[in-house]
Amino acid sequence: MAEAHQAVGFQFTVTPDGIDLHLSREVLKHIYLSGVTSWIKRAIRFKNGILTGVYPASPSSWLIAVIAIMSTMYARIDPSLGMIDTIKRTLPRHWGRTVLSAILFATGLWLSLILMLRYILKALLSYHAWIFESHGKMSFCTKLWLSLVKMFSGRRPLLYSFQASLPRLPVPSVDDTITRYLESVRPLLDDEQYNQMEVVANDFKRDEAPKLQKYLILKSWWATNYVSDWWEEYIYLRGRSPIMVNSNFYAMDLLYVIPTHRQAARAGNVVHAMLQYRRKLERGEHAPLRALGVVPMCSYQMERMFNTTRIPDFVQHLSDRKHLVVYHKGRFFKVWLYYGGRHLWPSELETQFQRILDDTTEPQPGELKLAALTAGNRVPWARSRLKYFSQGVNKASLEAIETSAFFLTLDDEAHGYDPDKLRSLDLYAKSLLHGKCYDRWFDKSFTLIAYKNGKLGVNAEHSWADAPIVGHMWEYVLATDCFHLGYTEEGHCKGDINKGLPPTAKLQWDIPLEVWLLMCLGSKIADDVDFHGCLFDEFGKGLIKKSRTSPDAFIQLALQLAQFRDKGEFCLTYEASMTRMFREGRTETVRSCTIESTAFVRAMQDKNTKQSAQRLDLFRKAADKHQNMYRLAMTGSGIDRHLFCLYIMSKYLNIDSPFLKQVLSEPWRLSTSQTPQQQLNMVDINKFPRYVGAGGGFGPVADDGYGVSYIIVGENLITFHISSKFSSPETDSYRFGQNIRQAMLDIRALFDQNDKKEM
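Since the structure is predicted, the reported quantities are computational estimates derived from the model, not experimental observations.

Colleague: Would you take a moment to explain the overall build of the chain for this structure?
Modeller: A tally of helices and strands in the chain yields 25 helices and 22 strands. Computed over C-alpha atoms, the radius of gyration of the chain comes to 29 Å, within 12% of the 27 Å expected from 2.2 N^0.38 for 759 residues, which places it in the range of a compact globule. Overall, the C-alpha framework of the chain stretches about 105 × 85 × 60 Å when taken along its three principal axes. Buried residues in the chain amount to 54% of all 759 residues. Long-range pairs, those at least 24 residues apart, make up 77% of the contacts in the chain between residues at least 6 apart in sequence. As displayed, the chain has an accessible area near 35000 Å², and 56% of this comes from carbon and sulfur atoms. Taking the 92 positively charged and 79 negatively charged side chains of the chain as two groups, their mean positions are separated by 7 Å.

This is the structure in structure tokens:
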């Protein structure tokens, strides 16, 4: 009962002599320290808010401006051209009018200079010709541009320093979009189908498009980004199908290394590292990501990484949540993350998690599979949430989950890559993607999963951000865990054990029978996922670059070759590209199946095409085409987001467009994405080659298609995450993985044969 007494700040007893008051010094001490920490946090946020608000200038530059203006006044020089006297006349009569008017003028001048610097930087960042230059070659114009960007970027930017200087995403012209769209579908349609599509597209361009485009341009002037708000609402939040498998994605742990096999210790270190990351995030102290080390990327998506939940159906983001919720063997526990005004140390978190692992109580009726509600269809979950979770203990417990910093599952299974075990990577991925369908809270911004053998992973909800944002956090956490926090020789977290921590609190539930019936709807989706993880280590980025080819283009063409060999036909292919060089930019689609790529694939399959030089020439043309399309997508000249917004606008204006309906109903039977790595460069993978991540993946987008995520790890490894559905007789993830492997080797053989001829 000692913990219960410690939890009470004061007690009082009414006696005949009056009120006898007993204060708990320990609790009052913690209240005091918590208040001090809160005020320190506010002060730091206020300071960093000012630094971000005046960037690229600094607060000290204001003082310089004031001193400079005051100095000119004492020298009887008026740099304001009479404006100081005008300000002086508007102020009440008192002895300091002259000084005050000079300070006001200097402040106005300083703010004007800040705005001017921002607009100059925004104009510079609107220049994108550099991205279209050949790799390794840089024109004088681009070198000059880079120098100017560095000059106007300031010295020590914070995470959000560049937000006000990022350009808006431009709206492409309808002519360009229609032309590129028709070009993208040409290899997928026969002559008759293409001619019909051309007629429909031209009718749209002539009739409906002008009005829709005008309204879309108007929106682009008013909104920060003309795509992102509609993308989040209509692609994610308005969807009614399950988000498990269909929307959520996952990230894996280090591929080869498990720093400790103690589940509670690994979770303790990683949760502490996440709290460190969150503190820097809230203070804006992370360095902004910059292409070429110079061009800033938008950091908007990072704001909602923690303290965020998707509630049917909107995204709820809170500030500074002080607890997390842990799931273990069907029980939910609330764990406080602060003690005495500070984060819990890793050893303290390990103690708390070990208490949960040692708890042998049984789940309450209906508690075991409660999280399955977030895995199924959104409508039943929304109705149940409103009807059964809006009052009493259910409301309090659900609020504890939805307002937590994030969700942690202490899994009772062991997973991870084991070269001696068949399909170990496949089972690991399936566990991260859907688990048992009831042991991840799929609505949380992310669920951290700690397996009993010490392996980790993350399941992330997609509406609030894209995979590179989660990847940024995950890189920081894994590097901090292994290289900064570390473990004792016995595998425990470093630090003393604090036995005075308050106990974890079990969440209480009163689940009616009607809710129980909704908890088994997600298993069918999970059982249908056919997954294969493919480690391709015959060669990697190093050899591809030696052949003067973009690694991404190389892999995308291998995927086209594998797709054709797998199904005997080409299909509409989606590759995710980012638009974060623009404010609040998210993604754009690169349509990887092109006229050039299909010509190359047909040549590879044509036994009459015996000359490797001819095939290699077609490959280079296809690779150049792909790179150009990727660059267009990155610079705001993609096809699909523009067409998507035109479609949404047509719905608002009640304009029926057969062309837009057809475009948005076309299935993506091959959906691909590259996982970025080394965003932070916290680990030298040349020095520590075993400390590499395994990347992540997602479920299949089409019922009869494949989802392929890949990560280029170092110089000699590429990891593919391939998903499809068992219910489709046309797909087989293992078979497709073997086709990818063979396609990669066949393309490499073209370069080897060409090198032999040149010798």
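Picking up where we left off.
Colleague: Before we go on, may I ask you to explain helix 14 (residues 392-402) in this structure?
Modeller: An α-helix turns once per 3.6 residues; consequently, residues spaced three or four apart project the same way. The set of residues buried in helix 14 consists of Asn 394, Ser 397, Leu 398, Ala 400, Ile 401 and Glu 402. Its buried side turned inward, helix 14 meets strand 6 (308-311), strand 7 (314-317), strand 8 (323-328), strand 9 (331-336), helix 13 (378-388) and strand 12 (407-410).

Colleague: Explain the sheet that holds strand 16 (residues 529-536) to me, please; I cannot follow it from the model alone.
Modeller: Across a sheet, paired strands are connected by hydrogen bonds in the backbone, their directions being either parallel or antiparallel. Strand order in the open sheet formed by 6 strands is 16-22-21-19-17-18, and the pairing between neighbours is mixed. Taken across any chain shown, the strands that pair with only one partner, and hence form the sheet edges, are strand 16 and strand 18 (587-591). Sheet twist, expressed as the mean angle between neighbouring strand axes with direction ignored, is 20°. The sheet contact formed by strand 17 (residues 573-578) and strand 18 spans 5 bridges and is antiparallel. For Ser 577, the partnering residue across the bridge sits in strand 18 and is Glu 588.

Colleague: In this structure, what is going on with the pairing of strand 18? I would like to understand it.
Modeller: Consecutive residues of a regular strand have side chains that alternate between opposite faces of the sheet. Along strand 18, 5 of the 5 residues are buried, which leaves the element largely enclosed by surrounding structure. Burial of strand 18 is two-sided: the residues Thr 587, Thr 589 and Arg 591 facing one way and the residues Glu 588 and Val 590 facing the other way are all buried.

Colleague: Would you mind going over the sheet that holds strand 9 with me for this structure?
Modeller: The mixed open sheet is built from 8 strands, whose spatial order is 15-9-8-12-13-14-3-20. The sheet is open, and its two edges are formed by strand 15 (505-506) and strand 20 (696-698), each paired on a single side. Sheet topology note: the strand 8/strand 9 ladder contains 6 bridges and is antiparallel. Its bridge partner lying in strand 9, His 323 is registered against Trp 336. Together, strand 8, strand 9 and strand 12 form the strand contacts of helix 14, whose direction differs from that of strand 8 by roughly 105°.

Colleague: It is not clear to me how the pattern of salt bridges should be interpreted in this structure. Could you clarify?
Modeller: Opposite charge on two side chains permits them to pair, given that their charged atoms come into close proximity. The full count for this structure, using the stated rule, is 36 salt bridges. The salt bridge partner of Glu 538 is Arg 741, with a shortest N-O separation of 3.1 Å. With Glu 538 in the loop between strand 16 and helix 19 (541-546) and Arg 741 in helix 25 (residues 733-758), this residue pair connects regions lying 203 residues apart in the sequence. Residue Glu 538 is classed as partly exposed on the basis of its relative accessible area of 36%. Measuring nitrogen to oxygen at the nearest pair gives 2.8 Å for the salt bridge that ties Asp 746 to Arg 565. Taken together, the residues Asp 746 in helix 25 and Arg 565 in helix 20 (residues 551-567) connect sequence positions 181 residues apart.

Colleague: Explanation requested: empty space enclosed by the protein in the structure shown.
Modeller: Over the atoms rolls a probe the size of a water molecule, and its path tells where empty space is left. Taken as a whole and judged by the stated rule, the model has 2 cavities of 30 Å³ or more. Elements supplying a minimum of two residues to the lining of the largest cavity: helix 10 (228-237), strand 18 and helix 23 (640-652). In terms of residue class, the lining of the largest cavity is built from 7 nonpolar, 9 polar and 4 charged.

Colleague: Looking at this structure, I do not really get the environment of Ile 555. What am I missing?
Modeller: Structurally, Ile 555 can be placed in helix 20. Placed 502 residues apart in sequence, Ile 555 and Gly 53 show a C-alpha to C-alpha distance of 42 Å. Not counting residues up to four positions away in its chain, the partners in contact with Ile 555 are Tyr 710, Ile 712, Ile 718, Phe 720 and Met 744.

Colleague: Is there a simple way to think about the packing of helix 23 against helix 24 (residues 658-665) in this case?
Modeller: For any two helices packed against each other, one specifies the crossing angle of their axes together with the interaxial distance. Where helix 23 contacts helix 24, the two axes come as close as 10 Å, and the packing angle between them is 130°. Of the possible angle classes, the one that applies to helix 23 and helix 24 is oblique. As for how helix 23 packs across helix 24, the hand of that crossing is left-handed. Where helix 23 abuts helix 24, its residues Leu 643, Phe 644, Leu 646, Tyr 647, Ser 650 and Lys 651 lie against Phe 659, Leu 660, Lys 661, Val 663 and Leu 664. Among the residues making up the contact of helix 23 with helix 24, the classes are represented as 8 nonpolar, 1 polar and 2 charged.

Colleague: I tried to follow the nonpolar core on my own but got confused; where do I start?
Modeller: A general trend in soluble globular proteins is that nonpolar side chains are found buried together. Val 271, Met 274, Phe 353, Leu 448, Met 473 and Trp 474 are the most contacted members of the largest nonpolar core, which totals 54 residues. Not counting chain neighbours up to four residues away, the residues in contact with Met 473 comprise Met 274, Tyr 277, Met 305, Phe 306 and Phe 446. The next biggest cluster of nonpolar side chains, apart from the first, holds 38 residues, and it includes Leu 616, Leu 670, Phe 736 and Leu 750.

Analysis parameters
Residues numbered from 1 in each chain as written. Predicted model: local features only at pLDDT ≥ 70, side-chain atom pairs only at ≥ 80, totals over all residues. Heavy atoms only, no water. Helix = DSSP H or I, 4+ residues; strand = E, 2+ residues; numbered from the N terminus. Rg over C-alpha atoms; globule rule 2.2 N^0.38 Å. Buried < 20%, exposed > 50% of the residue type's maximum accessible area, 1.4 Å probe, protein only. Contact = heavy atoms within 4.5 Å. Areas by Shrake-Rupley, 256 points an atom, 1.4 Å probe, with all protein chains shown as cover. Lys, Arg positive; Asp, Glu negative; His and termini not counted. Charge placed at Lys NZ, Arg CZ, Asp CG, Glu CD. Pairing = 2+ DSSP bridges. Axes fitted to C-alpha atoms, helices over the stretch in contact; angles between N-to-C directions. Salt bridge = Lys/Arg side-chain N within 4 Å of Asp/Glu carboxyl O. 1 Å grid on protein atoms, 1.4 Å probe; cavity = no way out; pocket = protein on both sides within 12 Å on 5 of 7 lines; lining within 4 Å. Points joined across faces, edges and corners; volume = space filled by probe spheres on them. Nonpolar A, V, L, I, M, F, W, Y, C, P; charged D, E, K, R; others polar. Parallel < 35°, antiparallel > 145°, perpendicular 65-115°, else oblique. Left-handed = near helix turned anticlockwise from the far one by under 90°. Core = buried A, V, L, I, M, F, W, Y, C linked by side-chain atoms within 4.5 Å.

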